[in-house]
Amino acid sequence: MSDRNSKSLRDALAADYQGLAKRLTRCLGSADVAHETLHETFLKVDRVSDAVEIRSPLDYLFRIALNVAKDRNKKDRHLLSAGEIAAIMDVVDDRPDPAIVTESRMEIAEFQRALGELPPRRREVFIAAHLEQIPHRDIAVRFGINIRTVEFDIQHAMEYLSGRLGRQVVRRYGPRPRPKLVD
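None of the values given here were measured: they were computed from a predicted structure.

Q: How should the confidence of the model for the chain be read in this particular structure?
A: Close inspection of predicted coordinates is inappropriate in any region flagged by low pLDDT. On average, residues of the chain score 83 in pLDDT, and 89% of them are at 70 or above. Across the chain, the secondary-structure element scoring lowest on mean pLDDT is helix α5 (residues 82–89), at 73, and the one scoring highest is helix α8 (residues 136–143), at 94.

Q: Sorry, what's going on with the packing of aromatic side chains here?
A: Two aromatic rings, taken as a pair, are described by how far apart their centres are and by the angle between their planes. Summed over all chains, the structure comprises one aromatic pair. Consider the rings of Phe 111 and Phe 126, whose centres lie 6.4 Å apart with planes at 50°: the pair is tilted. With Phe 111 in helix α6 (residues 98–116) and Phe 126 in helix α7 (residues 120–131), this pair connects stretches of sequence that are 15 residues apart. A cation over an aromatic ring shows up here: Arg 23 above the ring of Phe 62, its NZ or CZ 3.9 Å from the ring centre.

Q: Could you clarify how one ought to interpret the nonpolar core in this entry?
A: Within soluble globular proteins, side chains that are nonpolar generally end up buried alongside one another. If you look at the biggest cluster of nonpolar residues, it comprises 17 residues, and the most contacted ones within it are Leu 9, Leu 20, Leu 24, Leu 38 and Leu 61. Of all the secondary structure elements, the ones that give two or more residues to this core are α1 (4–15), α2 (17–28), α3 (31–45) and α4 (57–77). Each residue touching Leu 9, except ones within four places of it in the same chain, is listed here: Val 45, Val 48, Ile 54, Pro 57, Tyr 60 and Leu 61. If you look at the next biggest cluster of nonpolar residues, it comprises nine residues, including Val 125, Ile 139, Ala 140 and Ile 145.

Q: Please explain α7 as it appears in this structure.
A: Because each turn of an α-helix spans 3.6 residues, side chains separated by three or four positions in sequence point in the same direction. With 12 residues, α7 should cover 16 Å at 1.5 Å per step; its first-to-last C-alpha distance of 16 Å lies within 8% of that length. Taken residue by residue, α7 has Val 125, Phe 126, Ile 127, Ala 128 and Ala 129 as its buried positions. Along its buried surface, α7 packs onto α6, α8 and α9 (147–165). Positive phi shows up at Gln 133, right after α7, with a value of about 60°.

Q: Help me understand the pattern of salt bridges, please; the structure alone is not making it clear to me.
A: Applying the stated rule across the entire model yields 12 salt bridges. In this structure, Glu 110 and Arg 164 form a salt bridge, with 2.1 Å as the shortest nitrogen-oxygen distance. Of the two residues, Glu 110 sits in helix α6 while Arg 164 sits in helix α9, which places them 54 residues apart along the sequence. The partly exposed category is assigned to Arg 164, whose relative accessible area is 30%. Glu 151 is the salt-bridge partner of Arg 148, the closest N and O atoms lying 3.7 Å from each other.

Q: Quick question: what am I supposed to make of a nonpolar patch on the surface here?
A: Residues Ile 85, Ile 88 and Met 89 make up a contiguous nonpolar surface patch of roughly 320 Å² in combined accessible area. By relative accessible area, Ile 85 is classed as partly exposed at 42%.

Q: What is the right way to look at the packing of α3 against α4 in this model?
A: When two helices pack together, their arrangement is captured by the angle between the axes and the distance separating the axes. Taken N-terminus to C-terminus, the directions of α3 and α4 make an angle of 110°; their axes are 9 Å apart at the nearest point. The pairing of α3 with α4 is recorded here as roughly perpendicular in orientation. Between α3 and α4 lies a crossing whose hand is right-handed. Every residue of α4 that contacts α3 at Val 33, Glu 36, Thr 37, Leu 38, Glu 40, Thr 41, Lys 44 and Val 45 is listed here: Leu 61, Ile 64, Ala 65, Val 68, Ala 69 and Arg 72.

Rules and cut-offs
Residues numbered from 1 in each chain as written. Predicted model: local features only at pLDDT ≥ 70, side-chain atom pairs only at ≥ 80, totals over all residues. Heavy atoms only, no water. pLDDT = per-residue confidence, 0-100. Helix = DSSP H or I, 4+ residues; strand = E, 2+ residues; numbered from the N terminus. Phe/Tyr/Trp six-rings, centres within 6.5 Å; stacked < 30°, edge-to-face > 60°. Lys NZ or Arg CZ within 6 Å of the ring centre and 35° of its normal. Core = buried A, V, L, I, M, F, W, Y, C linked by side-chain atoms within 4.5 Å. Buried < 20%, exposed > 50% of the residue type's maximum accessible area, 1.4 Å probe, protein only. Contact = heavy atoms within 4.5 Å. Expected span 1.5 Å × (residues − 1). Salt bridge = Lys/Arg side-chain N within 4 Å of Asp/Glu carboxyl O. Patch = residues over 30% accessible without salt bridge, like charges linked within 9 Å, V, L, I, M, F, W, Y side chains within 5 Å. Areas by Shrake-Rupley, 256 points an atom, 1.4 Å probe, with all protein chains shown as cover. Axes fitted to C-alpha atoms, helices over the stretch in contact; angles between N-to-C directions. Parallel < 35°, antiparallel > 145°, perpendicular 65-115°, else oblique. Left-handed = near helix turned anticlockwise from the far one by under 90°.

In structure tokens:
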């Protein structure tokens, strides 16, 4: 098997590399792309069959180079542009930081321990009022106590939990608490 066409194309490419590069640069708009395309063209030349006679090796090389550039352009369309990559990188990751997640889990565990230290009725009243969002009147009926006792249990539970967790109680309704007398 002869490689007559491959040899003539390689010789033509070596002889007029700069001329082909200039023509491709005009067609493709970039000297770098033109040179890369010619390098890929050189690799394709080895696969040219001798079954067909090539009358104009330079025109044949130019056509191969244009086809290589088209194929490359098709591949590049599937890739993201620099602007698209930048846009993706600017997407805010709204997931919490692992350190914050760990700290939050520790706070929840500490809250559960402190909640478990409350007397049973006070704990159940607090859970019913704050976690289950049950009205005070219904809590009073459930536990067989008056509404004032429900409010008292909630207030004392809040004070205990806030002191245990190192937090300040924020009162939203009702009278302001009296300042504690210091002995």
